[in-house]
Amino acid sequence: MPKLKTKSSVKKRFGMTAKGKATLKPRGMRHGMSNRPQAMKRKARKVRVLHDSDQGRIRQWAPYGL
């Protein structure tokens, strides 16, 4: 059976916890930070765990983990 490919966008946007849950960094934190409100920048520092309903889709796109 051939190897399954991981989607490149999933590799760039998501990580995995030790228990196998997908994590993500909030969007919009690449450039233009001086124009963003301080509250938005503060909230976007944290890494979040993806919702349970989306976990299966990410596992399907990254069959061998990240």
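Since this is a predicted model, take the numbers as computed values, not measurements.

Student: I tried to follow the layout of surface pockets on my own but got confused; where do I start?
Tutor: The computed volume of the largest pocket comes to approximately 340 Å³. Around the largest pocket, the lining is made up of 13 residues, and of these Lys12, Lys25, Pro26, Arg27 and Arg30 lie nearest the centre. Put simply, the parts of the chain that give the lining of the largest pocket at least two residues each are helix 1 (8-13), strand 1 (14-16) and strand 2 (22-24).

Student: Honestly, the environment of lysine 19 in this entry has me stumped. Any pointers?
Tutor: Within the secondary structure, lysine 19 sits in the loop between strand 1 and strand 2. The class for lysine 19 is exposed, based on a relative accessible area of 79%. With 27 residues separating them along the chain, lysine 19 and lysine 46 place their C-alpha atoms 19 Å apart.

What counts and how
- Residues numbered from 1 in each chain as written.
- Predicted model: local features only at pLDDT ≥ 70, side-chain atom pairs only at ≥ 80, totals over all residues.
- Heavy atoms only, no water.
- 1 Å grid on protein atoms, 1.4 Å probe; cavity = no way out; pocket = protein on both sides within 12 Å on 5 of 7 lines; lining within 4 Å.
- Points joined across faces, edges and corners; volume = space filled by probe spheres on them.
- Helix = DSSP H or I, 4+ residues; strand = E, 2+ residues; numbered from the N terminus.
- Buried < 20%, exposed > 50% of the residue type's maximum accessible area, 1.4 Å probe, protein only.

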